[in-house]
Number of protein chains: 4
Amino acid sequence: MSNTFGEFFRITTWGESHGPGIGVVIDGIPPGLALDLARIDAELARRRPGGALASPRRESDAFEIQSGVLDGRTLGTPLALWIPNRDARPADYAPLASLYRPGHADFTYEARYGIRDPRGGGRASARETAARVAAGAIARQLLETEAPVEIVAWVAALAGDEAAVNPQAVTRAAVDASAVRCPDQAAGARFEARIAEARDAGDSIGGTIALVARGVPAGWGDPLFGKVTARLAHGCLSLPAAVAFEMGDGFAATRRTGSEQNDALISDAHGGIVPATNRAGGVQGGITNGAPLFFRVGFKAPSTIRKPQATVGRGGERVEFSGSGRHDPCVLPRAVPIVEAMAALVLVDCLVSRRAAPPARKG
Amino acid sequence: MSNTFGEFFRITTWGESHGPGIGVVIDGIPPGLALDLARIDAELARRRPGGALASPRRESDAFEIQSGVLDGRTLGTPLALWIPNRDARPADYAPLASLYRPGHADFTYEARYGIRDPRGGGRASARETAARVAAGAIARQLLETEAPVEIVAWVAALAGDEAAVNPQAVTRAAVDASAVRCPDQAAGARFEARIAEARDAGDSIGGTIALVARGVPAGWGDPLFGKVTARLAHGCLSLPAAVAFEMGDGFAATRRTGSEQNDALISDAHGGIVPATNRAGGVQGGITNGAPLFFRVGFKAPSTIRKPQATVGRGGERVEFSGSGRHDPCVLPRAVPIVEAMAALVLVDCLVSRRAAPPARKG
Amino acid sequence: MSNTFGEFFRITTWGESHGPGIGVVIDGIPPGLALDLARIDAELARRRPGGALASPRRESDAFEIQSGVLDGRTLGTPLALWIPNRDARPADYAPLASLYRPGHADFTYEARYGIRDPRGGGRASARETAARVAAGAIARQLLETEAPVEIVAWVAALAGDEAAVNPQAVTRAAVDASAVRCPDQAAGARFEARIAEARDAGDSIGGTIALVARGVPAGWGDPLFGKVTARLAHGCLSLPAAVAFEMGDGFAATRRTGSEQNDALISDAHGGIVPATNRAGGVQGGITNGAPLFFRVGFKAPSTIRKPQATVGRGGERVEFSGSGRHDPCVLPRAVPIVEAMAALVLVDCLVSRRAAPPARKG
Amino acid sequence: MSNTFGEFFRITTWGESHGPGIGVVIDGIPPGLALDLARIDAELARRRPGGALASPRRESDAFEIQSGVLDGRTLGTPLALWIPNRDARPADYAPLASLYRPGHADFTYEARYGIRDPRGGGRASARETAARVAAGAIARQLLETEAPVEIVAWVAALAGDEAAVNPQAVTRAAVDASAVRCPDQAAGARFEARIAEARDAGDSIGGTIALVARGVPAGWGDPLFGKVTARLAHGCLSLPAAVAFEMGDGFAATRRTGSEQNDALISDAHGGIVPATNRAGGVQGGITNGAPLFFRVGFKAPSTIRKPQATVGRGGERVEFSGSGRHDPCVLPRAVPIVEAMAALVLVDCLVSRRAAPPARKG
């Protein structure tokens, strides 16, 4: 269903932007996992709006675990987590009920449902991603019980300006040291200036997130519709404002010949087999090959801007709309932990699927 | 599961490249649809390798309907369709059992399963897409009972060379008039030459497919994980060699400001509401807005090339591999009907989902 | 997954008996349904322990709707409902952590998960059924928008003593007028006495619930694994203490010949076709035939009794166990609204499935 | 969906009774299983009509494996199996298109779909169970790689006459030594006579199948909707003519007190914990407790009989119907391998689910 992601490790989320809160229930979580709640807190804090560059909405994101955990360990029963909306201001949004904001889902939700929640976009709001980030933080902990998986995302481009970052070496610390989550300091400084400029102009900007997952063993993922590539794209393009996805070299790969693109396989120092290069981004046939997973997600600029825009009211009459709410001029820095969460959710689903039908012993 | 796609209109495929055949069963197909078998044939013919530019493997793709149809109409029971592999030559592939081809899923399938079918890639072969094309042809017929949906894909770029095509106007006839399925004749001529050059060099090339779906009403798709965008990306990136996906303007959109990117809504001549521009590719918040759906999928060059490549044998020993089989230097022309099939499958799933939970009457 | 029921109208529940509460999220709920919250309250009140005959645990069952509803109407987005556990007393259960109660899931949960929540059975407690009852109350409201479906269950037998009730005529009012929810007054009086006797003896008793659903149109349900019969049995036997299920005449039917058992079809006064008798309980081939649905569910006596019972501790040592908690000597009266909820959930899933793939127009 | 059973080890079946054949595809089958095809043959042979007591329709049931197996071992890819209908005679059924047979799904399929396949019941025919039996034979082989699971079913009652069989000791050999698959020889002789009598009278009879599964370890199954009990009931009541299900002592348990019904837990000779009795049929809280699984399924008499019956034509006109086809007067002997197959499919799904989320190590 539309509010569920994953097959074996399955999250279902609920909650509107300006309702009482956002929830997530995880079904299929293995028992016995010692939860580190501080890591959930930390990821939620990374997602939270804040700083001069971001939305002034204050989300404290204190969460409550409603089930599935006893004395800090998962029970195997569904783990539900509830994040109250402490700073919801539904009244701010009353004027929005009578018009369709450009670029937003107002018009399409109404076309789909005949009814919509005008309070801040309802389900279409990025507020929902808090639930994914919380679930993703749990997924990461589970991944680490199996393999030393290290997931690091960063802002790779903003408004067409590209940062120079080495996926092999980039660290989470370097990412978080930057106010815009760009570990290339020079680019980060440019990005900050660009965001401030957009904010001052009453406009917004988009960009690209890159993600690397190091330490994922070969043989994760499933063929066809279960490909890691397909699942990552599904998860990432289910995020608000996400418009593009590239695995490995992506579109650049489409411009190369087979002889230029193929990653040769070689023996490594430990007798294992690894690709000599990583143009494919860590997958072959949709299954991991032991090289770091690497992909990029493109996000358009936020639709809500202060600049006046032409649109229509519910009756089709022409109206002008200026966003006056507490809106980010750029979601990219906050998208970093969200994209990491989606990667963790996909990988843990692959892990559980693999446990369900493990490789044959060679005979 | 990994071999199933769709939720309400659900296909499950099976069959290895060089086994007895390829099958697909559709569950959730509404009863009473008058099937036009010639259209299934036609789509399979479009997918089939052929011509000087393509793989010399001859696939006749005669199919058998095994269930779910009586006197030409669907019964509502599962429709299964079987396409025998008439030109399978498993023996050709025996040498492949002892090595891992670069860029292929040989190594990763073995890492996933501990065992693999070395005959032409088994499930990882593009042969499986015949099943999707057949199911997609049925999906298109069902779509047309609801709305005048017209799905047209074409080769938009090859090896970095871009064609100039107008998505509003492009026709299937224009696409199929081109040997390389590029309706820009000048670009098509360049593409033909480029494919011939790659073939002669024992190499291969990749490129980009663009697709437009005109006539899709507003309000199809579901929020979040049920977004049209996410489902299309999932479907398309589950295809062999697919590495990138863009909805609407995709990465180009990430370089624009919100005021440049947002599609203003206007009233049309019939009192409806439509976007004045279509940078978003026909969706807002993952739900269709009545404008044509538009997306692009990037495919890397085929991994199998005649040029010798370095790789390893199953024991890790260094070996050289030259593809000698019946392989395409470029899959893009054949990918056109395959991507169309995935779009049709996603759209029909949206249609059925919408029927299951239809819009509220405005009250 | 194990905590999800239904396919098109899908509930997922969470929460342990003595954790903070019990929750349920409904995905696939159509938009625009005007919710009558008082009916949810009323069903929860019917399920609640109370009266001299029942468990002294006080469950107030005030619920909160967390999402999916605006101004009293469903939005089409997931409807989540949270019922705090106001009278949880986890400390009461501390001694249970070291032994396995006979007849309970203590031993088997530990065998399944390696870990368990000893506080009142955790997920295995009947407390979880509050979530189902709340969801079932919503399902009933949705059913009634389509057809005048009337679902009435009652206590049909207790400890082997059978009531005489006419399924065609029985009313909810007559059921609720009885403290033991048996509309046969004489039997009800015997049942009350029998429950009191069991309670005084420190023992417990089981029995049978019968349910009729009148007004269900012909043609609901799906073949094979989607049979109404199979789904009802699945739902009812997922309830705590449920051990048996009969559709229509059930085991009695197995003792008759075909000529005795078959329901003849006849034309009714309105030109419709109906079965002349209803031995099958309203289904043929698992699909409704327009006659009232009728089935029975058998519940064993509650496992917790005051009488001392032999069992083992976690180390396998022999111990004696006497239930001292707040336990019902008989769950049957409270099972009435729970079984009704399961029937409503199955029927609404059939309704939505039918909308997704509606009958062909006869051509 | 309606044609899919199981969650982790998932079968989807297709095919009408008198179409070209019956198929099944298994998704989620672990790689590396060495298939014993003779066992699939053997189970299909057990299901096949034959002997003086059964339908004269000859089903040879030669099957073809279409995918998922290489050199006798499963690949982890979907295993599809196709059983052609060699003795289909669609023309025999032409007269059935204009009327609704009593007790059959003719009327309800038409109410559900607006269209139906009149050839022998189409999907509603017991012919479909051949696919389940084949898949069940594979499931059994997989089960045995994990634990010495031994599944034995038999005809426990016929037309109200009950056999005396000890579930602890009954063997498959003893069952198959009986023409009516009743290991109680005296009862078997009575059953044979009773079937012959029904056949001669142009009538049919029903009865009960009992099943024991010995060797299932404790801790299989999942809570709530994943209960072994609920899944077994779902699977068994999705079979044609199945009308009732009892786990363990079933309805008899509802007549006992808690102190009479609870199975005490004791330490066994090997330091394990086992129930001292097995009234519950091997489950507590829906999860296996290490005692043999035991359940019963009631089947009504076949609806098709030679005796004339009153019914209606498609226009509602009164007609008389006499079955003249090749029909069994009693399906019970053939139901034995079918019920065994459903048990195997449920158990293997539990096994795979357990592998996906294995028990926590006690810490």
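Because the structure is predicted, anything quoted here is derived from the model rather than measured.

Draft legend 1. Region of interest: the relation of the copies chain D and chain A. Mapping chain D onto chain A calls for a rotation angle of 180° and an axial translation of 0.0 Å; the resulting RMSD is 0.0 Å. The two molecules are tied by a two-fold rotation axis, judged by turn and shift. No C-alpha of chain D approaches the rotation axis more nearly than that of Ala356 of chain D, which lies at 2.1 Å. Here 100% of the interface residues in chain D have copies in chain A that are interface residues too; the copies meet face to matching face.

Draft legend 2. Fine view of the state of the cysteines. Residue and element names in this part refer to chain C. Taken as a whole and assessed by the stated rule, the structure comprises zero disulfides over all chains. For Cys182, which is in no disulfide, the shortest distance to another cysteine sulfur is to Cys330 and amounts to 11 Å. Cys182 sits in the buried class, given a relative accessible area of 2%. Residue Cys330 is classed as buried on the basis of its relative accessible area of 4%.

Draft legend 3. The arrangement of the interface of chain B and chain A in detail. In this complex, chain B contributes 105 residues to the contact, which on the side of chain A involves 105 residues. Roughly 7,900 Å² of surface becomes buried between chain B and chain A when both sides are summed, with 60% attributable to carbon and sulfur atoms. Of all residues in chain B, Arg112, Leu224 and Phe225 of chain B bury the most surface against chain A, accounting for 11% of the area lost on that side. Note that Asp222 of chain B and Arg112 of chain A form a salt bridge whose closest N and O atoms lie 3.1 Å from each other. Remark: the boundary between chain B and chain A carries 46 residue pairs in polar contact (both at pLDDT 80 or more). The element best represented in the side of chain B that touches chain A is helix 2 (residues 106-113) of chain B, accounting for seven residues. Grouping the amino acids of the side of chain B that touches chain A by side-chain chemistry returns 46 nonpolar, 38 polar and 21 charged. Summarising the sheet, strand 12 (residues 242-247) of chain A and strand 12 (residues 242-247) of chain B pair through three bridges and their orientation is antiparallel. Paired with Ala244 of chain A across the bridge in strand 12 of chain B is Glu246 of chain B.

Draft legend 4. Main features of helix 5 (residues 185-200) of chain D. Residues and elements named next belong to chain D. Relative to the 22 Å expected for 16 residues at 1.5 Å per residue, helix 5 spans 23 Å between its end C-alpha atoms, a close match to the ideal helical length. Among all positions of helix 5, only Ala187, Gly188, Phe191, Ile195 and Ala198 are buried. An end-on view of helix 5 places all buried positions within 100° of arc, on one side of the element. Projecting away from the buried face of helix 5 at angles above 90 degrees are the exposed residues Gln185 and Asp200.

Draft legend 5. Just the relation of the copies chain B and chain A, in detail. Aligned on chain A, chain B shows an RMSD of 0.0 Å; the corresponding rotation is 180° and the shift along the axis is 0.0 Å. Here 99% of the interface residues in chain B have copies in chain A that are interface residues too; the copies meet face to matching face.

Draft legend 6. Inspection of the sheet that holds strand 18 (residues 309-313) of chain A at higher detail. One open sheet accounts for three strands, arranged 8-18-19 (chain A); its pairing is antiparallel. Taken across any chain shown, the strands that pair with only one partner, and hence form the sheet edges, are strand 8 (99-100) and strand 19 (318-321) of chain A.

Draft legend 7. Inspection of the packing of aromatic side chains at higher detail. Counted by the stated rule, this structure contains 26 aromatic pairs over all chains. On the numbers, 5.4 Å between centres and 40° between planes, the contact of Phe8 of chain A with Phe8 of chain D is tilted. One end of the pair, Phe8 of chain A, is in the loop between strand 1 (4-5) and strand 2 (10-14); the other, Phe8 of chain D, is in the loop between strand 1 (4-5) and strand 2 (10-14), on a second chain. Here the two residues Phe8 of chain A and Phe8 of chain D agree in accessibility, since each one is buried. With centroids separated by 5.4 Å and ring planes inclined at 75°, the aromatic side chains of Tyr100 of chain D and Phe107 of chain D adopt a geometry described as edge-to-face. Taking relative accessible area as the criterion, Phe107 of chain D reaches 10% and is therefore assigned buried.

Draft legend 8. Focus on the sheet that holds strand 1 (residues 4-5) of chain C. All names here are of chain C. Strand order in this open sheet of five strands is 1-2-3-7-4, and the pairing throughout is antiparallel. Edge positions in the sheet fall to strand 1 and strand 4 (64-67), since each has one partner strand and no second. Where strand 1 lies against strand 2 (residues 10-14), two bridges are found, and the strand directions are antiparallel. Along strand 2, the bridge assignment pairs Phe5 with Ile11.

Draft legend 9. Focus on the environment of Ala80 of chain B. Mapped onto the elements, Ala80 of chain B comes out in strand 7 (residues 79-84). Overall, Ala80 of chain B belongs to the buried group, its relative accessible area being 0%. Expressed as a C-alpha distance, the spacing of Ala80 of chain B and Ile26 of chain B, which sit 54 residues apart in the sequence, is 6.3 Å. If we skip the residues at most four places from it in the chain, Ala80 of chain B touches Val24, Val25, Glu64, Ile65, Gln66 and Ser67 of chain B together with Trp14 of chain D.

Draft legend 10. Seen up close, the pattern of salt bridges. Here the structure, examined in full by the defined rule, presents 112 salt bridges over all chains. Where Glu43 of chain B meets Arg140 of chain B, a salt bridge forms, and the shortest distance between an N and an O atom there is 3.9 Å. One end of the pair, Glu43 of chain B, is in helix 1 (residues 37-47); the other, Arg140 of chain B, is in helix 3 (residues 129-144), with 97 residues separating them in the sequence. Take Glu43 of chain B and Arg140 of chain B: they sit in the same class, and that class is buried. Salt bridges sharing common partners tie together Glu43, Arg46, Arg140, Arg172, Asp176, Arg181 and Glu340 of chain A.

Draft legend 11. Quick peek at helix 3 (residues 129-144) of chain C. Here helix 3 of chain C contains 16 residues, and its C-alpha end-to-end distance of 22 Å stays within 8% of the 22 Å for a straight helix at 1.5 Å per residue. Taking burial as the measure, the 16 residues of helix 3 of chain C include 15 buried ones, the bulk of the element.

Draft legend 12. Fine view of the interface of chain D and chain A. The partner chain A presents 17 residues to the 17 residues of chain D that form the contact. Both sides of the chain D and chain A interface together cover about 1,200 Å² of buried area, and 61% of this is carbon and sulfur. Note that Glu7 of chain D and Arg10 of chain A form a salt bridge whose closest N and O atoms lie 3.4 Å from each other. Our count for the contact surface shared by chain D and chain A stands at two residue pairs in polar contact (both at pLDDT 80 or more).

Draft legend 13. Broad picture of the packing of helix 6 (residues 228-237) of chain B against helix 9 (residues 332-356) of chain B. All names here are of chain B. Contact pair helix 6 / helix 9: the axes reach a minimum separation of 9 Å and the direction vectors enclose 140°. Judged by the twist between their axes, the crossing of helix 6 over helix 9 is right-handed. Residues Val228, Arg231, Leu232, Gly235 and Cys236 of helix 6 lie in contact with helix 9, whose contacting residues are Val339, Met342, Ala343, Val346, Asp349, Cys350 and Ser353. Class assignment for the residues of the contact of helix 6 with helix 9 results in eight nonpolar, two polar and two charged.

Draft legend 14. Region of the structure containing the environment of Cys330 of chain D. All names here are of chain D. With respect to the element layout, Cys330 can be found in the loop between strand 19 (318-321) and helix 8 (332-356). For the pair Cys330 and Gly23, spaced 307 residues apart in sequence, the C-alpha to C-alpha distance is 25 Å. The residues contacting Cys330, other than those within four sequence positions of it, are Leu158, Ile195, Ile205 and Pro302.

Draft legend 15. Layout of the side chain of Gln284 of chain D. Take Gln284 of chain D: it is sitting in strand 15 (residues 283-284). Every residue in contact with Gln284 of chain D, bar those within four places of it in the chain, is listed here: Arg101, Gly103, His104, Ala105 and Thr108 of chain C together with Leu265 and Asn289 of chain D.

Draft legend 16. Geometry of unusual backbone geometry. Phi at Ala241 of chain A takes a positive value of approximately 75°, unusual for a residue other than glycine. Take Ala241 of chain A: it is sitting in the loop between helix 6 (228-237) and strand 12.

Draft legend 17. Representation of the pairing of strand 17 (residues 293-299) of chain B. Residue and element names in this part refer to chain B. Extensive coverage of strand 17 is indicated by the burial of six of its seven residues. Bridge analysis of strand 11 (residues 207-214) against strand 17 gives seven bridges, and the strand direction is antiparallel. In the strand pairing of strand 17, Gly207 is matched with Phe299. Examined bridge by bridge, strand 12 and strand 17 share five bridges and lie antiparallel to one another. Bridge pairing in strand 17 links Ala242 to Phe299.

The rules behind the values
Residues numbered from 1 in each chain as written. Chains lettered and ligands numbered in written order. Predicted model: local features only at pLDDT ≥ 70, side-chain atom pairs only at ≥ 80, totals over all residues. Heavy atoms only, no water. Least-squares fit on C-alpha atoms with pLDDT ≥ 70 in both. Contact = heavy atoms within 4.5 Å. Disulfide = S-S within 2.5 Å. Buried < 20%, exposed > 50% of the residue type's maximum accessible area, 1.4 Å probe, protein only. Buried area = accessible area lost by both parts, 1.4 Å probe. Salt bridge = Lys/Arg side-chain N within 4 Å of Asp/Glu carboxyl O. Polar contact = N/O pair within 3.5 Å; in protein donor to acceptor, adjacent residues only side chain to side chain. Helix = DSSP H or I, 4+ residues; strand = E, 2+ residues; numbered from the N terminus. Nonpolar A, V, L, I, M, F, W, Y, C, P; charged D, E, K, R; others polar. Pairing = 2+ DSSP bridges. Expected span 1.5 Å × (residues − 1). Arc of directions from axis to C-beta. Phe/Tyr/Trp six-rings, centres within 6.5 Å; stacked < 30°, edge-to-face > 60°. Axes fitted to C-alpha atoms, helices over the stretch in contact; angles between N-to-C directions. Left-handed = near helix turned anticlockwise from the far one by under 90°.

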